[in-house]
Amino acid sequence: MPARRLHGTGLARGRESLDQHTTGVNLMFKRTKLATCLLVAFGGGIGFSASPVLAQSATSAGTERIEVTGSRLRSLEGESSSPVQVVTGEEIAKAGIVNVQELLTKNPTVGTPGYSRTNSNFATASAGVATVDLRNLGSDRTLVLVNGRRFVAGVPGSSSVDLNTIPTEFIERVEILTGGASATYGSDAVAGVVNIILKKNFQGLSVNAQHGVSEKGDDRKDVFSMTMGANSENGRGNIMAHIGFSDQGPVMARDHGMPFDNISDGYLSGDPADVFKFSGPFYSGYGSSGRFYGDNGSYTVDANGNVVPWSTNGPAGDGVGAYGYNRQNDRCLAIPTKRFVFATQGEYAIDDNHSAWLEANYAQTQTKSRIEPFPLGSEDLFPSTAGQVPAEFLVNGQVVVNPLIPAGILADLVDTDGDGLRDYYFTRRLSDVGNRGNKADRDTFRIATGLRGSIFDGWDYDTYVSYGATKESQISSGQVNVLNFAQALQAMTDVDDVDGDGNTTEAVCISADARAQGCVPANIFGAGNISADALKYILAPGMLSTFTSQKLAGGVIRGEPFALPAGKVGVAAGFEWREEYARTEFDALQQAGLNAGNAIPRTEGSFSVRELFAETRIPLVKDQILAKSLSLNAAIRSSDYSTVGRTFSWTTGLEWAPTRDLRVCATKALAVRAPNINELYSPLSQTYPSVQDPCVGVTATSTGARDDACRADPGVAANIAANGSFTLNQSDAQGVSGYDSGNPNLKEETGKTWTLGLVYAPSALKSVIFTADYFRVKIEDAITNVDRQTSLNQCYGGDTSFCQFIVRRPANIGANSAGSLEFVNAPATNSGGLFTSGVDLTVSYSDRVGPGRLSGRLAYTYLDDGYVLPVASLGVKDPFVGEIGAARDRAALSLGYTYKDFAINTTTTYIGKSYLDDQLFGRGVVSVPSYTQFDFQASYTYGKATWYFGMDNAFNAKGAKTDSNALLWGTTGAGTAADVYDAIGRRYYAGVRFDL
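Residues numbered from 1 in each chain as written. Predicted model: local features only at pLDDT ≥ 70, side-chain atom pairs only at ≥ 80, totals over all residues. Heavy atoms only, no water.

**Student:** Teacher, can you tell me more about the overall build of the chain here?
**Tutor:** Along its length, the chain carries 15 helices and 54 strands. For 996 residues, the compact-globule estimate of 2.2 N^0.38 gives 30 Å, and the C-alpha radius of gyration of the chain, at 32 Å, lies within 12% of that figure. Based on the C-alpha atoms only, the size of the chain along its principal axes is roughly 100 × 70 × 50 Å. In the chain, buried positions account for 57% of the 996 residues. For the chain, the proportion of contacts with a sequence separation of at least 24, taken over those separated by at least 6, is 70%. For the chain, the exposed area adds up to about 39100 Å²; of that, 55% sits on carbon and sulfur atoms. Here the chain contributes 85 positively and 103 negatively charged side chains, and the mean placements of these two sets differ by 10 Å. (Helix = DSSP H or I, 4+ residues; strand = E, 2+ residues; numbered from the N terminus. Rg over C-alpha atoms; globule rule 2.2 N^0.38 Å. Buried < 20%, exposed > 50% of the residue type's maximum accessible area, 1.4 Å probe, protein only. Contact = heavy atoms within 4.5 Å. Areas by Shrake-Rupley, 256 points an atom, 1.4 Å probe, with all protein chains shown as cover. Lys, Arg positive; Asp, Glu negative; His and termini not counted. Charge placed at Lys NZ, Arg CZ, Asp CG, Glu CD.)

Here it is in structure tokens:
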């Protein structure tokens, strides 16, 4: 990753000055015969898209002005007053990656992604999406651009772009700007900008084919792509097309060091010294044969139909005779992902001063997540009785028994709900139903077009319109219809032949209406005993449909209206209009919460924004003592949202070059982020949180603000009067619900950013460049869903405004006690805050060493401070610097050596020592060792072909180990934090690239 700002010709690859263009309309392209055929097939029917034929402005001498990420102005030097790092297309090729997220996450400025192939297996939607998160401030605070313009979101209701939709082999470079850039690009650029620049002016044909596999034989990777392009003989046009396909196979957790469920001994003992010691097997208590609770114990049914005592991990705890469930056997560590991407772009010079351009992208992605079967508790089917399932029924005045219940279990059942009939409670892993997971098909389409060129000497313009849309169709498995399942558990012997089949010894559903609808009794006693007909009645495959669209129009004019003694003043001004829309809709059962999962209602919403912006660069001093140059930069943007109203953002910057070797830049900015569609319009979505009730133990005479606040609730007071102190039963603890929701009254976030940086390119060491940047970001009015435990703690003895989120039961209701928590809600509010600061350092080197050329770059980021304010008004900071995923020290070292036709390139990634931050031990008590990963690629070029071989994680580095369910930290099922450390291990790949 070359150093920022001093890009030189690296940003001008393939450029042409305007004096090269000639008149004429005959579009004769220079290309090979093969490229001609392919362009007609893949590109000719679609049109042209952006290329640098007139993308840059030029002076009368034919020199080019370059636009760099972070500014709408163009400069001769290609410099930016903000810290910009660049990942080149050459680096991408040498990394052997499938999508650019894999390389970006190695950059120390990039934090843990919100979605990736290895951290989204348990997501109900957007599994397998690839996002980017600068500074660990959230993916929605990182703006992703393509060719300097916004791209449609891949996560519905958010602004997060799915990097799977960007054709990797078509990327010329990626520019990473850290620091607020809302004045230049609008909302969402609070943490910074990732600007993906696609190739331009490509001629000929490039074909790449690659195959890879892990040393375990999984994580299969197949990649194929073609890029083709041609320029016209008269230089007036360019056309390109790209087609790519990739297929990444699944990786199962059981094959990578986590074959069975285990648990951290530290979680059991509470001793920090035991955190990295593990006990296993530690299976789930929800077993495939079912666990049934009687009056004297719990039982299950073995493979021979015998009723036996329940044992989760086996009598000896060694897995022998265990009836618990090994969830690790079914968990996917890396989601299989298939991608097909197509892109075309071209430009045609209408005359010497104006050109029309068009770019189009289409991507189809298929992903498939997989986790263990659903853990069903009988409270999911019978919530009104806290999960007590009737074993006996009153039919025509006679007590009848469910004949499917084994006698050994029935004999130990009693009446627990007071109706005179025996009942039972059970848990069961729905292995008969099958594994849970979702298969998703995502389609992303985007088209952009516009005009650009020069209007008179020193002035140019750029106008554009674009439309993008992402559609997702998802089918999920492993869920059941809880209403039907409840009916299927209420069975009797058909002594009266109520179903009319002549058989009076079979079991039938008690409800005649249920029988008419196809109800067949479900035998849950023992593994695999639910019949195919019963499964047909209770199965409820889930469906999800989403649609996201973005409409964008804008334009900018820039030039140099006058000159000062130090040089010409540059200005740019423009406008943008944007409309965003998103819709997410699950199937009817999921929306109602009737498939044993949480209720997730339909979300739909839109917003539009009109914006005006302006920018200037003012040269103040030139060629003076200790001031080779000194200039002032400033930008401002006014936005009018249909949701939050008017917002303002601004940036000021100072560039000072005391000598020709040293440049110092400082910026201060106010960035904004308007709430997205999910944050605004998400309806009430039910969840079942785990919280601690602060009123437990309060008595009629206990003292304190908490006690007074608790007794003020009538239900709590009634509970105290009945029990002597506020007391909860098991149903109360398990019966807490709540709703997450958006908030249409949200306002924008504001981010105050400061950066101070320098670039040192010593004349005596022409092959070396040093950079250093200090950054500081403070986000106020951050949008967050208020933490439920915080709401409870504040309501009782703190800020009573939090009581609006809490609903208690006024009296005894069923199995629940008076005063027990019924709902603890968490709507979105502007109550949060974020802060981070630190230093980025880089050093780059490139020169001949021995018979070949050595190049290298070291990037290092030191996090000085960082914290979250869950509720800013309370002022209680939750530090995150040093935690897993936000290590204080991170570095990446890239080295490459080229000798004639041979080349070798290596990347070493370092993540410093980190700490756990959990409720059991507290912050900083348990440390996680540092992590170092080594990747390399070797290549040989023979004629038009380059053959290459590479290894990722060549030394099989492993991140710190966590238990299978990530009870203290990490990614569930991965055995580590799979979005921070590599959880797959050593992988090999080989390929060939032809350039014709």
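**Student:** Help me out: how do you make sense of the sheet that holds strand β7 (residues 149–150) in this one?
**Tutor:** The strands making up a sheet associate through backbone hydrogen bonding, with each pair oriented either parallel or antiparallel. If you walk across this open sheet you meet the 5 strands as β5-β8-β9-β6-β7, and the pairing is mixed. Two strands close off the open sheet at either side, each with one partner strand: β5 (84–88) and β7. Pairing geometry for strand β8 (residues 171–178) and strand β9 (residues 192–198), over 7 bridges, is antiparallel. Directly across from T178, in β9, lies its bridge partner G192. (Pairing = 2+ DSSP bridges.)

**Student:** Teacher, can you tell me more about the state of the cysteines here?
**Tutor:** Between two cysteines, a covalent bond joining their sulfur atoms is known as a disulfide. Evaluation of the coordinates by the stated rule reveals 3 disulfides. Between the sulfur atoms of C509 and its disulfide partner C519 the distance amounts to 2.0 Å. Residues C509 and C519 share a disulfide whose torsion about the S-S bond is about -75°; that sign makes it left-handed. Taken together, the residues C509 in strand β30 (residues 507–509) and C519 in the loop between α8 (512–516) and α9 (532–538) connect sequence positions 10 residues apart. For C509, a relative accessible area of 0% puts it in the buried group. One disulfide in the model links C695 with C710; its S-S distance is 2.0 Å. Across the disulfide from C695 to C710, rotation about the S-S bond amounts to roughly -90°, and the bridge is consequently left-handed. Here the residue C695 occupies a position in the loop between β39 (685–687) and α12 (705–711), and C710 occupies one in helix α12, the gap between them amounting to 15 residues. Taking relative accessible area as the criterion, C695 reaches 0% and is therefore assigned buried. The exposure class of C710 is buried, given its relative accessible area of 0%. (Disulfide = S-S within 2.5 Å.)

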